[in-house]
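Chain residues, written in single-letter form:
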Amino acid sequence: MTKKVLVCDGMDSAIFSKLLSNEEFNVYPEAKNSQEIVKKEAQDADALVIRSSTKVNKEFIDKCSNLKLVIRAGEGTDNIDKTYCKEKGIKVANTPGANNNSAAEHAIALMFTLLRKTAWANSSMQTGKWDKARFTGNEMTNKTIGIVGFGRIGQLVAKRLVGFEPEILFYDPFISSHSIGYNNIKKVEKLEKIFEKSDIITVHVPLVDQTKNLIDKKFFSLMKKHAIFVNAARGGIVNEEDLLEALKLNSIRAAALDVFLNEPLKEKTNLHEIENLVLTPHLGGSTQEAQFRVGEMAYHQLKEFFINDNLLNEVRA
Ligand code: MLT
């Protein structure tokens, strides 16, 4: 029997066409564009392929009477109630590694945006100005870079940055060894050290109970006045109000956020009003390359699960 599959938050078009033409699956193309259609069609769906927009919470799951598999086309599964899925016998999987390079590159792009003030320079140019003096920046070379979370993405960030000959500090209670192949890299035992010592701080931990609100005013107060802060991991790890306070008081130089406690961000929030804060709409995994790899992996996992009874990349509650 064909399996009903909903691709909820978009997918690479070549992979989506392959999925559409596979007779084993009955795919609803409209679901890509509307959460209303997702909710309606999910009632008898066998599988969902989601990114970060669809929230597979208790209320959603209760409406699905036939669901067997949720594939998170990406890394973080914090938008899925995995405990409730387990209770209902629904399997959860993700596509580990497929978009890590894009996530790491986006964090680095945000670092450069802050260091060289390109976002602000662009806004100024668009108003017709040529304000060269206002946008004197700083180099990346030889800076101390603090990485919070040294899993796959944190390590990729380090690897990509070694050409800038930085001192790299990382904090991760679960990682003791790595293969970056660079001498000037050191694990710190206390998160405080990252904030005290670094010129550039970037966050790469998942959102789990232990990392909720992990970074708050205590840590911002330790930062050097010229230091910059980037979070392209998950909202909820960083206390947004405390970050705003530090930015408003200029006790740190600038920050960039790609992820937020509540996504999508509403049209007007107090985050929009802060001059030294750059915002992007959860773009970490949003490249053609990442979306192709993620889609390819998700498609393979769908086939393995429904045709070969083989669950790949399971994420347990
Ligand atoms: C992820 O968890 O994979 C990233 O946040 C990227 C995304 O889903 O867009």
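Presented here is a report on the structure given in the accompanying data block.

Parameters and conventions
- Along each chain, residue indices are assigned from 1 in the same order as the chain's sequence is written.
- pLDDT decides what is reported in this predicted model: residues at 70 or higher carry local features, side-chain atom pairs at 80 or more are listed and counted, and totals for whole chains, interfaces and linings draw on all residues regardless.
- To get the side-chain values, all heavy atoms of the structure are used, and hydrogens and water are removed first.
- Residues are labelled near a given molecule or strand when at least one of their non-hydrogen atoms is within 4 Å of it.
- Side-chain atoms alone can form a polar contact between residues adjacent in sequence; in general such a contact is a pair of N or O atoms within 3.5 Å, and within protein one must be able to donate a hydrogen while the other accepts it.
- Each accessible area value is a Shrake-Rupley result obtained with a 1.4 Å probe; residue values ignore everything except the protein chains displayed when judging cover.
- Gly is put with the polar residues, along with every residue not named as nonpolar or charged; the nonpolar set is Ala, Val, Leu, Ile, Met, Phe, Trp, Tyr, Cys and Pro, and the charged set is Asp, Glu, Lys and Arg.
- Strands here are runs of E lasting at least two residues and helices are runs of H or I lasting at least four, both read from the DSSP assignment and numbered beginning at the N terminus.
- Burial classes follow relative accessibility: with a 1.4 Å probe on protein chains only, a residue under 20% of its type's maximum area counts as buried, one over 50% as exposed, and anything between as partly exposed.
- Working rule for contacts: check all heavy atoms of both residues, and any pair within 4.5 Å makes them a contact.
- Being paired, for any two strands, means DSSP has found at least two bridges between them.
- Only the contacting stretch of a helix is used when fitting its axis, a line to C-alpha atoms as for every element, and angles between N-to-C directions run 0 to 180 degrees.

Let's talk about the site of the ligand
Link 1 in the chain: Looking at the ligand, the residues that line it are Arg 51, Arg 72, Gly 74, Glu 75, Gly 76, Asn 99, Arg 234, His 282 and Gly 285.
Link 2 in the chain: With respect to the ligand, the backbone of Glu 75 contributes an N or O atom lying 2.6 Å from an oxygen atom.
Link 3 in the chain: Here Gly 76 contributes a backbone N or O atom positioned 2.8 Å from an oxygen atom of the ligand.
Link 4 in the chain: A total of 260 Å² of accessible area belongs to the ligand in isolation, and the protein chains cover 93% of it.
Link 5 in the chain: For the shell around the ligand, a count of residues per class yields no nonpolar, five polar and four charged.

Let's talk about the environment of Phe 260
Link 1 in the chain: The topology assignment puts Phe 260 in the loop between β11 (254–257) and β12 (277–279).
Link 2 in the chain: The buried category is assigned to Phe 260, whose relative accessible area is 7%.
Link 3 in the chain: Measuring from C-alpha to C-alpha, the distance between Phe 260 and Ser 177 comes to 31 Å, with 83 residues separating the pair along the chain.
Link 4 in the chain: Dropping the residues within four chain positions of it, Phe 260 is found in contact with Gly 235, Glu 240, Leu 265, Leu 271, Leu 279 and Thr 280.

Some words on the sheet that holds β11
Whenever strands of a sheet pair, they do so through backbone hydrogen bonds, lying parallel or antiparallel.
Link 1 in the chain: The strand order across the open sheet formed by seven strands is β8-β7-β6-β9-β10-β11-β12, and the pairing between neighbours is parallel. A single partner strand is all that each edge strand has here, and the edge strands are β8 (185–187) and β12. Strand-to-strand twist of the sheet, defined as the mean angle between neighbouring strand axes without regard to direction, takes the value 15 degrees.
Link 2 in the chain: With four bridges joining them, strand β6 (residues 144–148) and strand β9 (residues 200–203) adopt parallel strand pairing. Residue pairing for β9: Ile 145 is matched across the bridge by Ile 200.

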